[in-house]
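Tertiary structure, described
So the chains spell out like this:
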Amino acid sequence: MLNLFSYDFFINALIAILLISVASAMIGTYIVTRRLVSISGGITHACFGGLGLGYFLGINPTLMAALFATASALGVEWMSARKVREDSAIAVVWSLGMAIGVIFVFLTPGYVPELNSFLFGNLLTVSRADLWVFAIFTFALLGFFLLLRNVIIACAFDRDFAAVTGLPVKFVTIAMTVFVALAIVLTIRLVGIMLLISMFTMPQMISELFSHRFGSIMLLSVVISCLCSIAGLMLGALIDVPCSAIIVLVMAVTYLVCKVIIGLKTR
């Protein structure tokens, strides 16, 4: 097992999963508190449209996915502000993004080799350049949380009350929407479109078994996400199966074990 740490690709994957675990814990706590878990699924599948268009035009598919994700997230917020039901708005961007992606992947000449990595993730292909992008994003998100922590919490729990009290609700909402979209695009490279939502929900579900305070849930989510991701990464590398799937299984097992233990203690 220790031999794994002698490989650069494994060290890169380890650093990447730690960085994204921190970012996804912060983002996940926000969207779970705002009851916006479904929006992460909508944006995730809308990204597929950007991937397809990127391959078709010969442009970096990750960049195009980021543009699609940001536009989709802002589009949902825009439609919600105009009395369109949020679940309906999410359904629109979800289906539209997938339809655009399928069309452009079909029109792209030849085989699209990296498509599977976006659908299912591939932690072990993370490069040094990816690490710099992950690090810049994570520290930018952390700085934003440190500067506007109280406003973010107020917006997450009750945006109407926060607006009445004069807090910059619109700015924080738009900024967090963009952060959510970018976090989704970056995390796709790690766990893929199919398994992404687990990174934003399972650590928070486990944390809520022990605390109901925003700050405590976020900190516990960081710890849980890091530990589960490291365990999944090492197990996946050892038994030669996709690490992203193992990470999700580790999180699910952790939740079930914690739930059972807490249930036995409360009897």
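Residues numbered from 1 in each chain as written. Predicted model: local features only at pLDDT ≥ 70, side-chain atom pairs only at ≥ 80, totals over all residues. Heavy atoms only, no water.

When helices and strands are counted, the protein shows eleven helices and zero strands. When the helices and strands of the protein are placed in sequence order, the string is α-α-α-α-α-α-α-α-α-α-α. In summary, the protein has a C-alpha radius of gyration of 19 Å against a globular reference of 18 Å for 267 residues, a match within 12%. Projected onto the principal axes, the alpha-carbon positions of the protein cover approximately 55 × 50 × 35 Å. By residue count, 49% of the 267 residues in the protein fall in the buried class. Within the protein, contacts between residues separated by at least 24 positions form 75% of all contacts whose residues are at least 6 apart in sequence. (Helix = DSSP H or I, 4+ residues; strand = E, 2+ residues; numbered from the N terminus. Rg over C-alpha atoms; globule rule 2.2 N^0.38 Å. Buried < 20%, exposed > 50% of the residue type's maximum accessible area, 1.4 Å probe, protein only. Contact = heavy atoms within 4.5 Å.)

Mapped onto the fold, Ser-229 is located in helix H10 (residues 214–239). Apart from residues lying up to four places away in sequence, Ser-229 is in contact with Ile-17, Ser-21, Met-199, Ile-247 and Met-251.

Under the 1.5 Å per step criterion, the end-to-end length of helix H6 (residues 128–147) is 29 Å for 20 residues, consistent within 8% with the ideal 28 Å. All of the buried residues in H6 are Asp-130, Leu-131, Phe-134, Ala-135, Phe-137, Thr-138, Leu-141, Phe-144 and Phe-145. (Expected span 1.5 Å × (residues − 1).)

Further remarks concern the side chain of Ser-198. Position of Ser-198 relative to the elements: it lies in helix H9 (residues 169–207). Judged by relative accessible area, which is 10%, Ser-198 ranks as buried. Not counting residues up to four positions away in its chain, the partners in contact with Ser-198 are Pro-203, Val-248 and Met-251.

A grouping of Phe-56, Leu-57, Ile-59, Leu-63, Leu-67, Ile-103, Phe-106 and Leu-107 is seen on the molecular surface, where their side chains present a nonpolar patch of about 810 Å² in accessible area. Among the elements of the structure, helix H2 (37–57), helix H3 (61–81) and helix H4 (86–107) are those that each provide at least two residues to the nonpolar patch. Broken down by element, the residue count for the nonpolar patch peaks at three residues, all from H4. In this structure, Leu-57 sits in helix H2. Its relative accessible area of 48% is what places Leu-57 among the partly exposed residues. (Patch = residues over 30% accessible without salt bridge, like charges linked within 9 Å, V, L, I, M, F, W, Y side chains within 5 Å. Areas by Shrake-Rupley, 256 points an atom, 1.4 Å probe, with all protein chains shown as cover. Salt bridge = Lys/Arg side-chain N within 4 Å of Asp/Glu carboxyl O.)

This part is about the nonpolar core. Core analysis: the biggest nonpolar cluster contains 73 residues, and Ile-27, Ile-43, Phe-134, Met-176 and Leu-190 have the highest contact counts within it. With 18 residues, H9 is the largest single contributor of residues to this core. Residues contacting Ile-27, with those up to four places away along its chain left out, are Leu-141, Met-176, Phe-179, Val-180, Ala-183 and Phe-200. (Core = buried A, V, L, I, M, F, W, Y, C linked by side-chain atoms within 4.5 Å.)

Right, let's get into the packing of aromatic side chains. Counting across every chain of the model gives five aromatic pairs. On the basis of an interplanar angle of 55° and a centroid distance of 6.2 Å, the ring pair of Phe-144 and Phe-171 is categorised as tilted. Taken together, the residues span a long stretch of sequence, with Phe-144 in helix H6 and Phe-171 in helix H9 at a distance of 27 residues. Phe-144 gets classed as buried once you look at its relative accessible area, which sits at 12%. On the basis of an interplanar angle of 65° and a centroid distance of 6.3 Å, the ring pair of Phe-157 and Phe-214 is categorised as edge-to-face. Within this pair, whereas Phe-157 is found in helix H7 (residues 149–157), its partner Phe-214 is found in helix H10, the two being separated by 57 residues in sequence. The structure contains a cluster of three or more aromatic residues connected by ring pairs, namely Phe-137, Phe-144, Phe-171 and Phe-179. (Phe/Tyr/Trp six-rings, centres within 6.5 Å; stacked < 30°, edge-to-face > 60°.)

Here the focus is H10. Between the first and last C-alpha of H10 there are 37 Å, a value that for 26 residues agrees with the 38 Å anticipated at 1.5 Å per step. Looking one or two residues past H10, Asp-240 carries a phi angle of roughly 60°, positive in sign.

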